[in-house]
Amino acid sequence: MPILLTRATRLLRTEDGSGTLASLFILTACLALGGAAVDIGNGLRVREVLQANAESAALSAAVRASEPVEGDSPAQVARRIATAGLAPAGLTDAWHHESFELGTVDPVTRSFVPLPDLVDDQLADAVRVTLNRTDRRGNPEPLLFSHLLGHAPWNISGRAVAQIRTRAALDCPEPLLSLQTRVEVSTRNVFLGVCLYA
């Protein structure tokens, strides 16, 4: 018994193995911080992709609303632009049936007000595009490492509003034909109008 007791007291007094324990602790902390950095970086990337695509879809839809083309509605343009931009990142599920809205911009608060369902779409002066990866939509952004510590997937959204700018009609008194169109001139687009009289 005295041999066992002396060995136990010697083990408690010496520092053998403390370097290994400290190394394991530091390694665990570095792995946890590295995993959190990967998850945070991925979350920021997804947020940036959603925001950039919401902005491009909203601007494209506003242009289509101001320059109508038969068979190509602003909602179709917004969906096409958003899904094309989201596809390379694997985030096409961020578009949903409520992603596109027509509405007006309140002149006082400068906030977007959606049009009620039964109101004519011609009254809209703005579009809003919202792209979501949320629990509510069933597609939250999964965590690669932080879920091991019990963290829930992240809810990330991108939202953009663009105003519809209509061009004034040409000032042509009783023309045979009047035409206003976009013309590409180097890096700028110019609107030209032609009045034809007989």
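Our subject is the structure that appears above.
### Here's the deal with the pairing of strand S4 (residues 156-163)
Next up, step 1: On S4, burial follows the alternation: Ile156, Gly158, Ala160 and Ala162 on one face are buried, whereas Ser157, Arg159, Val161 and Gln163 on the facing-out side are not.
Next up, step 2: Bridging between strand S3 (residues 126-133) and S4 involves eight bridges; their strand directions are antiparallel. Paired with Arg128 across the strands is Val161, a residue of S4.

### A few points about a nonpolar patch on the surface
Next up, step 1: A grouping of Val38, Leu144, Phe145, Leu148 and Leu149 is seen on the molecular surface, where their side chains present a nonpolar patch of about 520 Å² in accessible area.
Next up, step 2: Position of Val38 relative to the elements: it lies in helix H2 (residues 18-66).

### Remarks on the sheet that holds S4
Next up, step 1: Taken in spatial order, the four strands of this open sheet run S2-S1-S3-S4, and their pairing is antiparallel. Of all the strands in the sheet, the pair left with one neighbour each is strand S2 (112-114) and S4. Ignoring strand direction, the axes of neighbouring strands in this sheet form an average angle of 35 degrees.
Next up, step 2: Pairing of strand S1 (residues 100-105) with S2 involves three bridges; the strand directions are antiparallel. The partner of Thr104 across the bridge, within S2, is Val113.

### Description of the environment of Leu50
Next up, step 1: Along the polypeptide, Leu50 turns up in helix H2.
Next up, step 2: For Leu50, a relative accessible area of 0% corresponds to the buried category.
Next up, step 3: Here the alpha-carbon distance between Leu50 and Leu131, two residues 81 residues apart in the chain, equals 6.0 Å.
Next up, step 4: Residues within four places of Leu50 in sequence aside, it is in contact with Leu86, Leu91, Ala94, Leu131, Arg133, Ile156, Ser157 and Gly158.

### Things to note about the layout of surface pockets
Next up, step 1: Taken as a whole, the largest pocket encloses approximately 240 Å³ of empty space.
Next up, step 2: Lining the largest pocket are 14 residues, and of these Ala65, Pro68, Pro74, Asp121 and Gln122 lie nearest its centre.
Next up, step 3: Top element by residues in the lining of the largest pocket is H2. It accounts for three residues.
Next up, step 4: Classifying every residue of the lining of the largest pocket gives seven nonpolar, four polar and three charged.

### A short note on the pairing of S1
Next up, step 1: Sheet topology places S1 next to S3; four bridges connect them, and they run antiparallel. Residue pairing across strands places Gly103 opposite Ala126, the latter belonging to S3.
Next up, step 2: From the end of S1 to the start of S2, which pair antiparallel, there are six residues, and Arg110 there has a positive phi angle of about 60 degrees.

### Thoughts on the side chain of Asp72
Next up, step 1: Among the structural elements, Asp72 can be located in the loop between H2 and helix H3 (74-86).
Next up, step 2: Owing to a relative accessible area of 15%, Asp72 belongs among the buried residues under this scheme.
Next up, step 3: Residues in contact with Asp72, not counting those within four places in the same chain, are Arg64, Val77 and Arg80.

### So, unusual backbone geometry
Leaving glycine out, the prevailing phi sign among residues is negative, and the prevailing peptide bond configuration is trans.
Next up, step 1: Positive phi, normally seen in glycine, also occurs at Arg110, with a value near 60 degrees.
Next up, step 2: Position of Arg110 among the secondary structure elements: in the loop between S1 and S2.
Next up, step 3: Residue classification places Arg110 among the exposed residues on the basis of a relative accessible area of 55%.

Rules of the game
Residue positions are counted from 1 within each chain, in the order its sequence is given. Since the coordinates come from a predicted model, pLDDT governs what is reported: local features require at least 70, and pairs of side-chain atoms require 80 or more to be given and counted, while whole-chain, interface and lining totals use all residues. Only heavy atoms go into the side-chain values, all of them from the structure, while hydrogens and water stay out. Throughout this description, buried means an accessible area under 20% of the type-specific maximum (1.4 Å probe, protein chains only), exposed means over 50%, and partly exposed covers the range between. Numbering of helices and strands runs from the N terminus; a helix is a DSSP stretch of H or I covering at least four residues, while a strand is a stretch of E covering at least two. Criterion used throughout: strands pair if DSSP finds at least two bridges between them. Put simply, a patch holds well-exposed residues, over 30% relative accessible area, that have no salt bridge, with like charges counted together within 9 Å and Val, Leu, Ile, Met, Phe, Trp or Tyr side chains within 5 Å. Computed with the Shrake-Rupley method and a 1.4 Å probe, the accessible areas treat only the protein chains shown as cover for residues. Any Lys or Arg side-chain nitrogen found within 4 Å of a carboxyl oxygen on Asp or Glu counts as a salt bridge. Between N-to-C directions, angles cover 0 to 180 degrees, with each direction set by a line fitted to C-alpha atoms, over the stretch in contact for helices. Whether two residues touch is decided by their heavy atoms; if any such pair falls within 4.5 Å, the residues are in contact. Each cavity reported here is a set of points on a 1 Å grid over the protein atoms alone in which a 1.4 Å probe fits but cannot get out, each pocket an open set with protein on both sides within 12 Å along at least five of seven lines, and each lining residue one with an atom within 4 Å of a point. Grid points are joined across faces, edges and corners, and a volume is the space filled by probe spheres set on the points. Gly falls in the polar group here, along with every residue not listed as nonpolar (Ala, Val, Leu, Ile, Met, Phe, Trp, Tyr, Cys, Pro) or charged (Asp, Glu, Lys, Arg).

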